[in-house]
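# Structural overview for review
If you want the building blocks of each chain, they are given just below.
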Amino acid sequence: MSSELKVLGACPLDCPDGCAWVVTVQDGRAVRLRGNPEHPYTRGALCVKVNRYLEHTQAPDRILHPLRRTGPKGSGTFERISWDEALDEIAERLTGVIEEFGGEAVWPYSGTGTLGYLQGLEGMAGRRLWNVLGASHHDADICSQAGNEGLRRVQGSPGGMDPELFAESKLILLWGTNTLTTGHHLWKFIQDGRHAGAHVVAIDPIRTRTADQADEHLAPLPGTDAALALGLLHVVVSEGAEDREFIQAHTHGWTEFRKRIMEFPPARVAGITDLPVDRIVGLGLRLARTRPTAIRATMGLQRHAGGGAALRTIAAIAGVTGDWRYPGGGVVYSTSGHSPLDRTALYRDDLLEKPVRTLRMTRLGEGLLDLDDPPVKVLWVTAANPMGSTSHQNKIRRGLLREDLFTVVVEQFPTDTVDYADIVLPATTQIEHRDLHDGYGHLYLTWNEPAVAPPGECLPTAETFRRLARRLGLTEPALFDDDLTLAEQALGSGHPALEGITLDRLRKEGWVRMALPRPFLPYAEGFPTASGRMEFVTGDGPDRMPDFVPPADPPDYPLTLISAASHTFLNTTFGNNPELRRRAKGPYVMVHPDDASARGLTPGQRVRVFNDRGSFEAEVEISDRVRPGVAASPKGHWPKFSPGGTNVNATVDERTADLGGAVYHDNRVEIAPL
Ligand SMILES: Nc1nc2c(c(=O)[nH]1)N[C@H]1C(S)=C(S)[C@@H](COP(=O)(O)OP(=O)(O)OC[C@H]3O[C@@H](n4cnc5c(=O)[nH]c(N)nc54)[C@H](O)[C@@H]3O)O[C@H]1N2
Ligand SMILES: Nc1nc2c(c(=O)[nH]1)N[C@H]1C(S)=C(S)[C@@H](COP(=O)(O)OP(=O)(O)OC[C@H]3O[C@@H](n4cnc5c(=O)[nH]c(N)nc54)[C@H](O)[C@@H]3O)O[C@H]1N2
Ligand code: SF4
Ligand SMILES: [Mo]
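None of these values were measured; they are calculated from a predicted model.

Cut-off values and rules
Residues numbered from 1 in each chain as written. Chains lettered and ligands numbered in written order. Predicted model: local features only at pLDDT ≥ 70, side-chain atom pairs only at ≥ 80, totals over all residues. Heavy atoms only, no water. Helix = DSSP H or I, 4+ residues; strand = E, 2+ residues; numbered from the N terminus. Contact = heavy atoms within 4.5 Å. Areas by Shrake-Rupley, 256 points an atom, 1.4 Å probe, with all protein chains shown as cover. Lys, Arg positive; Asp, Glu negative; His and termini not counted. Charge placed at Lys NZ, Arg CZ, Asp CG, Glu CD. Near = heavy atom within 4 Å. Polar contact = N/O pair within 3.5 Å; in protein donor to acceptor, adjacent residues only side chain to side chain. Nonpolar A, V, L, I, M, F, W, Y, C, P; charged D, E, K, R; others polar. Core = buried A, V, L, I, M, F, W, Y, C linked by side-chain atoms within 4.5 Å. Buried < 20%, exposed > 50% of the residue type's maximum accessible area, 1.4 Å probe, protein only. Domains from an automatic or database assignment.

## Quick notes on the overall build of the protein chain
Scanning the protein chain for helices and strands turns up 22 helices and 27 strands. In terms of overall dimensions, the protein chain has a C-alpha envelope of 70 × 65 × 55 Å along the principal axes. Long-range pairs, those at least 24 residues apart, make up 76% of the contacts in the protein chain between residues at least 6 apart in sequence. Summed over all atoms, the accessible surface of the protein chain reaches about 23700 Å², with 49% contributed by carbon and sulfur. When the 72 basic and 86 acidic side-chain charges of the protein chain are each reduced to a single mean position, those positions are 4 Å apart.

## Some details on the site of ligand 2
Neighbouring ligand 2 are 33 residues, the closest being Asn385, Ser389, Glu411, Thr572 and Asn649. A distance of 2.8 Å separates an oxygen atom of ligand 2 from a polar backbone atom of Thr112. Within the contact set of ligand 2, a nitrogen atom lies 2.7 Å away from a side-chain nitrogen or oxygen of Asn649. Across the complex, the protein chains shield 97% of the 920 Å² of accessible surface that ligand 2 would expose by itself. Taken together, the residues that form the shell around ligand 2 break down as 11 nonpolar, 18 polar and 4 charged.

## Quick notes on the nonpolar core
Residues Phe166, Trp175, Phe257, Trp324 and Leu379 are the most contacted members of the largest nonpolar core, which totals 103 residues. No other element matches the 9 residues that helix α8 (residues 225-238) contributes to this core. If sequence neighbours within four positions are ignored, Trp175 has contacts with Ile203, Asp225, Leu228, Ala229, Leu232, Ile295, Arg296, Ala297, Thr298, Leu301, Ile314 and Ile317. Within the second largest apolar cluster, 27 residues are counted, among which are Leu87, Ile90, Ala135 and Leu468.

## A word on the site of ligand 1
Neighbouring residues of ligand 1: 34 residues in total, closest Asp204, Gly223, Asp225, Thr298 and Phe569. Contact between ligand 1 and Met299: an oxygen atom at 3.2 Å from a main-chain N or O atom of the residue. Phe569 is positioned with one of its backbone polar atoms (N or O) 2.6 Å from a nitrogen atom of ligand 1. Against a free-state accessible area of 900 Å², the protein chains account for coverage of 99% of ligand 1. Class assignment of the residues belonging to the shell around ligand 1 gives a composition of 14 nonpolar, 14 polar and 6 charged. Looking at the shell around ligand 1, you find at least three residues from each of domain 2 (145-333) and domain 3 (559-673).

Printed below as a string of structure tokens:
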């Protein structure tokens, strides 16, 4: 007799859409995965990548057992060992390092492989254990930090408008965001708005597939968006279209900020952005005359020296226009600022005996090679692939080659990072473990129930930490809380948005909208800043107002390289899936016809893309989708599957953006035939 079961779950990946899914299980095997048709944001659809998630979980290269390195670091040669042997060896090394160098010599490096509150980044799985051991804190600044900080300065919170309300917008700015690739579920709401008359504008140096579908596309020079925002505001103010009532009631510092705006007339902004003056004025007039205007500006936009300043300035737009008053008006970078889930309760930073240093995820190379007092002696990598995803790949590689470094990688697949591990621990995938999720592009909470048993000896990451704590002989009870207890703690913040939401209800229903009013207008009546107002001006330092902060990579090389999202990978996740690799067509670099002919490049030619930091090999694609002076090469290829053994991150610097995070697109390169 065959049995069929439908199990409710959630996509764990680092994507704003936070989809709810349904797994069909037959005789203990997952046979079908689809988007949950009941979920108002997922609406039954997943995406090109996650449609292959079941195949991914069942792939022949899944890591199924603990492994110990047998060859030289980087060679990826391992022998199978038991969990007991692995935990014994880890416990011995950890204890030795902590005795000799102190807990801060341990770097728990957590990535975005899963955003889950139990197994992944949002609850920072393992952080309790690291706190008890006094390990360095890990600052996961890789993705969104500059933007979050920029928004926080102005709004008091990075939390944005409800994306579902795009259906009610009349002007939609898709600003440094590639909706159809990086979070396509928003598109349905954009289309609903469009059917009701909304005008859609894409602002992106690249004519992406999203820009193709917009009514209008503006291609500014990379890293000049704050200037463009100030130029648009200049037009709004020149038209007398600022919302004086909103400004008076809900903002702080208008007189001074208005002066800053007046320093950016369209002619000056045209010089900075290299956009025609009439396009800037045209869009400024639309913005002045169209309420409500919705702005979607996501993370790609802020991977620049002035990324924080860009989001800070864009956030100010909705304060000047008063768009926060209206359903369908405002700015949304992320909705995670509205999440009521209790990270503090999961982290348990109170378990730390004394304060510890914080290490930036984006500066791993520096952390491994240049840090002293104490040096990093144990690197513990969970759900991250720094050899593929983190800046300054060659420096990271040199760091990982250090013979005195003990590296543990908790993984599902044999990534480039795994190749440098001393011990590899096999991790479950989302269909094999429990987890609790929110989304950073909607207002729902989602529960993920395991659908099948873990293959081989894979363990949920939270369980791995419980076992390690036991092996270390620790007795702090919080280290042994099981998954359901952790979920209760995350849901226990007492936040009003959790009213009526219990773990039982979530487990039964699979997903639930946060208890927020409809329409949800977070800032119609004020802002969660110290003053309760939108702060055009914060404090009295030189950095007290939104401003344009220019790109910072020295112009020693002529082209700015943008390495944005690939349509078929999610960061480096799926970079080993044969079909998705086939569709990605190998590493390519797109250049404008003018830049191609200046270098004598022809379509399909093999080239080296390089600067002082490193290089990678790619095939040339010639297209006017990129503007002259800009080149594009998507992220996500695995270095070891790429010709030359590096990917685009070999060229990216580990510099920190103005308000934190990486500068992936503030990257100057040259291209030469191989
Ligand atoms: N298919 C797919 N989806 C993904 C991901 C993926 O790798 N693949 N990654 C996920 C993750 S981790 C994240 S954080 C989100 C990110 O979501 P997005 O922010 O949409 O992702 P990106 O493609 O990095 O950047 C968006 C756009 O910003 C543009 N851009 C770069 N610099 C500038 C600039 O200076 N000004 C302007 N105006 N535009 C600029 C790029 O050309 C790009 O088209 O997507 C998530 N979704
Ligand atoms: N050039 C360039 N580089 C970029 C970016 C860019 O725009 N340009 N974007 C950056 C961004 S936005 C981000 S968020 C980072 C992401 O960088 P990372 O956080 O390193 O993410 P991934 O490269 O996807 O690697 C995640 C790994 O986690 C593993 N994994 C998945 N689920 C689990 C699990 O449940 N348990 C465990 N233990 N492991 C799991 C996956 O197999 C995968 O190998 O990349 C950044 N890199
Ligand atoms: S990657 Fe994004 S769009 Fe795709 S299934 Fe996951 S949450 Fe949905
Ligand atoms: Mo990200």
